[in-house]
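Report on the structure
These are the residues of each chain, in order.
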Amino acid sequence: MTGGPAGLLRVCLVNGSLRGPKASSNHFLACLERFLDPAKIEVAHLAVRAKLPNGYPEETLARLSAADAVVLAFPLFSYCLPGATIRLLEEWAHYADAHPAAKHTRVYVLVNCGYADPKVNDEAIHVVRNFCARLGLEWRFAIEIGCGPAVLMLAPIDLRLRRALQSMAADLQTTAPEAKDNVYLWPLLPRILMDTIRQSLDRKALREAIRRQSGA
Amino acid sequence: MHALLIVDRDARSSLSQDLQSKVTALVEGKGHSLEILEVGSNDVVPCLGCLLCMTDRRRHGDCVIDDAVAKLNRRIGDFDLVCFLGPIAFGQFSSTIKNVTDKAKTIRMLRSRSLIAIGYGNDVRDEETATFLDVYRKHRGVADTVHTLVQERFEAFASHSLADNDAVCAELGRVL
């Protein structure tokens, strides 16, 4: 790692949700940041944008390219990255093509989905790993979270979340060579409750679709 | 059958144009009517994740942003088949088509519903192709991710070359 000013590690925390500060992704990043040592790490906060007639500013892409580590936090949309998040990766890839650097940025992911089973996030992780392979970035590991808002709701008593974020923070501050295994986090709330809420929303949407179709 | 082909206007290449013309000929050759919707990167605002389309009764399922997909959603129930055709970026649709799949209310296709994803790219790697196919095939049946109550057909194909285009269309012909 090359380090930033005064030898600090430069870490970019990227909020890949367009919900901004309210997003679960942003809350998870904030939880992670509490475990980062400001004496060792210089943190930059970046966020995806909805409207980009001219693309991301060069400053944003340069900051990503120059980072020692990037933590991408995003919600799962249709089993992969949201359109807004993949747009940022596309532009980062174009920038990296035009500005080749010998940097081995380390990449981490915090992904949360609306399903109780966090393994549903696996394909999204494959997408990010493919991205890292293309750009020659160093893949580290992901924390895959089932039903992000439910996990956040119980975050103060969820020791597994705390341990997972601590292990990511510790890895960010080391130079361990091998990538670690992904961490799966199921919500503490009973699965039957999660499924009931989800099915209730599904039924509501289906009723609405039928109502529209029949012109009622 | 009334089919809709959604293509990425900003990612045209000889590969994509060949694929589009072959898919068009195939669908029309089967006697189906086909409409083509070309979208560009600034035509669709990405899904904000506000969930108001699901939770706000007054919105009746509509998006808070009136863009090309919102207009499509008003009449998506008229189609029996929607085919997404776009470049593969690291193993999923690139942003323009992904913004459409994130927001398209395919649940409104109550008459019958077939969804097809065709990704393309000359320099797509094998792992990226595998991921792309997994994203759509592994979860078929619950492909309309928000609305799992309605089972549906979701097929995925990937093309790296003009020769692949023929193979994709041959497979697609069996599906249609």
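Residues numbered from 1 in each chain as written. Chains lettered and ligands numbered in written order. Predicted model: local features only at pLDDT ≥ 70, side-chain atom pairs only at ≥ 80, totals over all residues.

Topic: the interface of chain A and chain B
Think of interface size as the accessible area that goes away when the parts come together; that is how it is often given. On the side of chain B, 37 residues touch chain A, which itself brings 35 residues to the contact. For the side of chain A that touches chain B, the secondary-structure elements that each account for two or more residues are α3 (83-98), α4 (122-135) and α7 (191-214) of chain A. Of the residues forming the side of chain A that touches chain B, the biggest block, 10 residues, is contributed by α7 of chain A. Residues belonging to the side of chain A that touches chain B are distributed by class as follows: 19 nonpolar, six polar and 10 charged. (Contact = placed C-beta atoms within 7 Å. Helix = DSSP H or I, 4+ residues; strand = E, 2+ residues; numbered from the N terminus. Nonpolar A, V, L, I, M, F, W, Y, C, P; charged D, E, K, R; others polar.)

What about the packing of α4 of chain A against helix α5 (residues 126-137) of chain B?
Two elements in contact, α4 of chain A and α5 of chain B, have axes separated by 10 Å at closest approach and are oriented at 160 degrees. The orientation of α4 of chain A with respect to α5 of chain B, classified from their angle, is roughly antiparallel. Crossing geometry of α4 of chain A relative to α5 of chain B is assigned as left-handed. Mapping the contact onto sequence places Glu123, His126, Val127 and Asn130 of chain A in α4 of chain A and Glu127, Glu128, Thr131, Asp134 and Val135 of chain B in α5 of chain B. The class makeup of the residues in the contact of α4 of chain A with α5 of chain B is two nonpolar, three polar and four charged. (Axes fitted to C-alpha atoms, helices over the stretch in contact; angles between N-to-C directions. Parallel < 35°, antiparallel > 145°, perpendicular 65-115°, else oblique. Left-handed = near helix turned anticlockwise from the far one by under 90°.)

Thoughts on the environment of Ser159 of chain B
Residues and elements named next belong to chain B. Locating Ser159 in the fold gives a position in strand β6 (residues 153-159). Residue Ser159 is classed as buried on the basis of its C-beta count, with 26 C-beta atoms lying within 10 Å. Residues within four places of Ser159 in sequence aside, it is in contact with Leu15, Leu19, Ile118, Tyr120, Asp164, Asn165 and Val168. (Buried ≥ 20, exposed ≤ 12 C-beta atoms within 10 Å, placed from the backbone.)

Description of the sheet that holds strand β5 (residues 138-146) of chain A
The strands that make up a sheet pair up through hydrogen bonds in the backbone, lying either parallel or antiparallel. Residue and element names in this part refer to chain A. One open sheet accounts for six strands, arranged β2-β1-β3-β4-β5-β6; its pairing is parallel. Each edge of the open sheet is held by one strand with a lone partner, namely β2 (41-47) and β6 (183-185). Between one strand axis and the next, the sheet turns by 15 degrees as a mean value, whatever way the strands run. Relative to strand β3 (residues 69-75), strand β1 (residues 9-15) is paired through five bridges, and the arrangement is parallel. In the strand pairing of β3, Cys12 is matched with Val70. Taken strand by strand, α4 contacts β3, β4 (106-113) and β5, and its axis lies near 160 degrees from that of β4. (Pairing = 2+ DSSP bridges.)

Some details on the nonpolar core
For soluble globular proteins, nonpolar side chains are generally found buried alongside one another. Judged by nonpolar contacts, the single largest core of 106 residues is most densely connected at Val71 and Val111 of chain A together with Ile6, Cys83, Phe84 and Ile118 of chain B. When neighbours within four sequence positions are excluded, Val71 of chain A is seen to be in contact with Val11, Leu13, Val14, Leu29, Leu32, Tyr108 and Leu110 of chain A. (Core = buried A, V, L, I, M, F, W, Y, C linked by C-beta atoms within 7 Å.)

Some remarks on the environment of Ile125 of chain A
Residue and element names in this part refer to chain A. Relative to the helices and strands, Ile125 resides in helix α4. The buried category is assigned to Ile125, around which 20 C-beta atoms lie within 10 Å. The sequence separation of Ile125 and Lys204 amounts to 79 residues, and the corresponding C-alpha distance is 31 Å. Once residues within four sequence positions are removed from consideration, Ile125 is found in contact with Val109, Val111, Ala142, Glu144 and Asn182.

Section: the pairing of strand β3 (residues 81-89) of chain B
Residues and elements named next belong to chain B. The buried fraction of β3 amounts to nine of the nine residues, a majority that puts the element mostly inside the structure. Here strand β1 (residues 2-8) runs beside β3; their pairing, made up of five bridges, is parallel. Along β3, the bridge assignment pairs Ile6 with Phe84. Pairing of β3 with strand β5 (residues 114-120), which is carried by seven bridges, proceeds in the parallel orientation. Each residue of the ladder has a partner; that of Phe84, found in β5, is Ala117. Looking at chain direction, β3 and strand β4 (residues 92-93) are connected through two bridges and run antiparallel. Following the sheet pairing, Ala89 is matched in β4 by Gln92. Between β3 and β4, which pair antiparallel in sequence order, lie two residues; one of them, Phe90, sits at a positive phi of approximately 60 degrees.

Re the pairing of β3 of chain A
All names here are of chain A. Within β3, seven of the seven residues are buried, which leaves the element mostly enclosed by the surrounding structure. Neither face of β3 is exposed, since Ala69, Val71, Ala73 and Pro75 on one face and Val70, Leu72 and Phe74 on the opposite face are all buried. In the sheet, β3 pairs with β4 via seven bridges, with the strands oriented parallel. When the sheet's bridge partners are listed, Ala73 is paired in β4 with Leu110.

Some details on the confidence of the model for chain B
When pLDDT is averaged across chain B, the result is 89; 92% of the residues are at 70 or more. The complex model carries a pTM of 0.92, and its ipTM stands at 0.92. (pLDDT = per-residue confidence, 0-100.)

Quick look at unusual backbone geometry
All names here are of chain B. A positive phi is found at Leu51, a non-glycine position, where the angle reads about 65 degrees. In this structure, Leu51 sits in the loop between β2 (33-39) and α2 (52-55). Leu51 sits in the partly exposed class, given 13 other C-beta atoms within 10 Å. Of note, the phi angle at Phe90 is positive, near 60 degrees, even though the residue is not glycine. By the secondary structure assignment, Phe90 is in the loop between β3 and β4. Given 27 C-beta atoms within a 10 Å radius, Phe90 is considered buried.

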